[in-house]
Amino acid sequence: MSDLYLPGLENVVASETGISYLDVEKEEIVIRGYDLIELAQQAVYLDVAGLLLDGELPDEAGRAALEASIADAYGLPQNVRAILHLLPANTPAMDVLRTGISVLSSYDEELDDRSPEANRRKAIRLLARVPQIVAYGHRALTKQPLIEPDSSLSYSANFLYMITGKVPSALEAGIFDQSLIVYSEHEMPNSTFTARVIASTQSDLYGALVGAVASLKGTLHGGANEAVMEMLLEAGSEDGMEALIKERLARRERIMGFGHRVYMRKPDPRALLMKDALALLAAHFGQPDLYHMCVRGEEVMRREKELHPNLDYYAAPVYHLLGIPTALFTPVFLAARTLGISAHVMEQHAHNRLFRPRVRYTGPRGLHPLITDQLLPEREEDEEE
Ligand SMILES: CC(=O)SCCNC(=O)CCNC(=O)[C@H](O)C(C)(C)COP(=O)(O)OP(=O)(O)OC[C@H]1O[C@@H](n2cnc3c(N)ncnc32)[C@H](O)[C@@H]1OP(=O)(O)O
Ligand SMILES: O=C([O-])CC(=O)C(=O)O
């Protein structure tokens, strides 16, 4: 057995994959041979869905077929809706989502069919229904009327509409679609690894996704986008942002939205794309202060820590301006990532090897005798009874 131990599995290759790769040297996020940023600029989320699930970018007919199969899968079983309504109002939105997906699995007749075809069909159903759980769950807990999907809208416009209740403008829908693309897939983050570990026991796609929801909730991962928004709201101004970051650094706290296990000392290309989107939206809504606050935060972190923003830093204010409640930022991330995770689970099932690593044991060596003076009398009493 190798004695190599890297805490956090840093730089360990855990899997072979044809899905995606972070080429840090070239500063590219490669998705099945395409650049993720170019996809976000030139394609739509459903194109990326075709690319991730089927291995190729769809043509017009392929995209229309995907759109039709997602529209066919809209609609949550009545009991899933009922259970969302039963949850206490203070349930975190990621826990609502975790429960919703878990309940949904009971209504999928192909749950335990791991063939590529059945997994693809389940992935399509999840692409239709996870956004519904995100939107319905929040509306149910905040006692707002539920909004049914409108399949005359594009996938992303409909998702935003179900959350906000407003049909988005072309600019809003386009930027939201870009955000879903950049959130859709990112090689082997903790949540995808979690899903692959679960799938490697031959467990099902829903179970793997539920595990990924729990992983993504944490603030070192997807939960950071909500923490960023809370920080921006608390800071309130450019100077407030500088002061708040410095205070937190002085207390040796981590600043959410900065740093990354893989990029770390290099910019996250997705953050740069969302920064441009924020500039556009902030100008459109007459809120340049929010953009300037974020830029100041970025400057302070570069100066003080030489750290760059990750995607969550700029996605948070973009989602705020799109009218998404802060509590839904991480669930929206998960809805977008449902795509990448589904592709990984399909790949894991197709080329499976059970994940089962070893440990470096730091407990006592040499065995303690099990029968002690304290245990013996109790044993005798037991025998008398
Ligand atoms: C879409 C996503 O999920 S992206 C990730 C979202 N998460 C966040 O934004 C949370 C904030 N960021 C972090 O906590 C980290 O950067 C992580 C968890 C993302 C990556 O961390 P790791 O790879 O474990 O880096 P590690 O903890 O070794 O940090 C290296 C150094 O940078 C510092 N550092 C890293 N990130 C930050 C941060 N956000 N704020 C302050 N200091 C930081 C660490 O304190 C450490 O400094 P030290 O060497 O003086 O102790
Ligand atoms: O890659 C990671 O570790 C985290 C991340 O940026 C993502 O999941 O999008």
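Computed from a predicted structure; not experimentally measured. (Residues numbered from 1 in each chain as written. Chains lettered and ligands numbered in written order. Predicted model: local features only at pLDDT ≥ 70, side-chain atom pairs only at ≥ 80, totals over all residues. Heavy atoms only, no water.)

(A) The packing of aromatic side chains, seen in detail. Going through the model one piece at a time under the given rule, you end up with nine aromatic pairs. Pairing Phe258 with Tyr313 gives two aromatic rings, centres 4.5 Å apart and planes at 50 degrees, and the pair type is tilted. Note that Phe258 is positioned in the loop between α12 (238-250) and α13 (269-284) and Tyr313 in helix α15 (residues 311-321), a separation of 55 residues in sequence. Tyr313 shares its class with Phe258; the two are buried. With 4.9 Å between their ring centres and 85 degrees between their planes, Tyr313 and Tyr314 make a pair best called edge-to-face. By relative accessible area, Tyr313 is classed as buried at 0%. Judged by its relative accessible area of 1%, Tyr314 is buried. Through a chain of ring-to-ring contacts, the aromatic side chains of Phe159, Phe176, Tyr183, Tyr319, Phe329 and Phe333 assemble into a single cluster. (Phe/Tyr/Trp six-rings, centres within 6.5 Å; stacked < 30°, edge-to-face > 60°. Helix = DSSP H or I, 4+ residues; strand = E, 2+ residues; numbered from the N terminus. Buried < 20%, exposed > 50% of the residue type's maximum accessible area, 1.4 Å probe, protein only.)

(B) Just the site of ligand 1, in detail. Not every one of the 20 residues close to ligand 1 is listed here, only the nearest: Arg254, Ile255, Gly257, Phe258 and Arg261. Take His221: an N or O atom from its side chain is 3.0 Å from an oxygen atom of ligand 1. Within the contact set of ligand 1, an oxygen atom lies 2.6 Å away from a side-chain nitrogen or oxygen of Arg261. Protein contacts shield 73% of the accessible area of ligand 1, which totals 930 Å² for the unbound molecule. Because more than half of its atoms lie within 2 Å of the grid, ligand 1 is assigned to the largest pocket. By residue class, the composition of the shell around ligand 1 is nine nonpolar, seven polar and four charged. (Near = heavy atom within 4 Å. Polar contact = N/O pair within 3.5 Å; in protein donor to acceptor, adjacent residues only side chain to side chain. Areas by Shrake-Rupley, 256 points an atom, 1.4 Å probe, with all protein chains shown as cover. 1 Å grid on protein atoms, 1.4 Å probe; cavity = no way out; pocket = protein on both sides within 12 Å on 5 of 7 lines; lining within 4 Å. Sits in = over half its atoms within 2 Å of the grid points. Nonpolar A, V, L, I, M, F, W, Y, C, P; charged D, E, K, R; others polar.)

(C) Expanded view of the sheet that holds strand β3 (residues 34-35). Pairing in this open sheet of three strands is antiparallel, and the strands run β1-β2-β3 from one edge to the other. Edge strands, defined here as strands with exactly one partner in the open sheet, are β1 (20-23) and β3. Pairing between strand β2 (residues 28-31) and β3: two bridges, direction antiparallel. Along β3, the bridge assignment pairs Ile31 with Tyr34. (Pairing = 2+ DSSP bridges.)

(D) Broad picture of the layout of surface pockets. Of the pockets and cavities examined, the largest pocket occupies roughly 1800 Å³. Pro189, Asn190, His260, Arg261 and Val262 are, among the 47 residues lining the largest pocket, the residues nearest its centre. Taken together, the elements giving at least two residues each to the lining of the largest pocket come down to β1, α9 (190-199), α14 (288-305), α15 and α16 (329-350). Looking at the lining of the largest pocket element by element, the count peaks at three residues for β1. Split by residue class, the lining of the largest pocket holds 23 nonpolar, 13 polar and 11 charged. In this structure, the lining of the largest pocket is formed jointly by two domains, domain 1 (32-219 + 335-350) and domain 2 (225-321), each of which donates at least three residues. Put simply, the second largest pocket is a space of about 620 Å³. What lines the second largest pocket is a set of 18 residues, among which Leu4, Leu9, Val12, Pro357 and Arg358 lie closest to the centre. (Points joined across faces, edges and corners; volume = space filled by probe spheres on them. Domains from an automatic or database assignment.)

(E) Representation of α9 in the model. Inspection of α9 places Ser191, Thr192, Ala195, Arg196 and Ala199 among the buried residues, and these make up the whole buried set. The arc that holds the buried residues of α9, viewed along the axis, is 135 degrees, so those residues lie on one side. At its buried positions, α9 is contacted by α10 (205-217) and α16. (Arc of directions from axis to C-beta. Contact = heavy atoms within 4.5 Å.)

(F) Just the site of ligand 2, in detail. Near ligand 2, the surroundings consist of His186, Pro189, His221, His260, Arg270, Phe333 and Arg337. A distance of 2.8 Å separates an oxygen atom of ligand 2 from a polar atom in the side chain of His260. The contact in question runs from an oxygen atom of ligand 2 to an N or O atom on the side chain of Arg337, over 2.7 Å. Summarising the interface, the protein chains cover 83% of the accessible area of ligand 2, which totals 270 Å² for the free molecule. Looking at side-chain class alone, the shell around ligand 2 contains two nonpolar, three polar and two charged residues.

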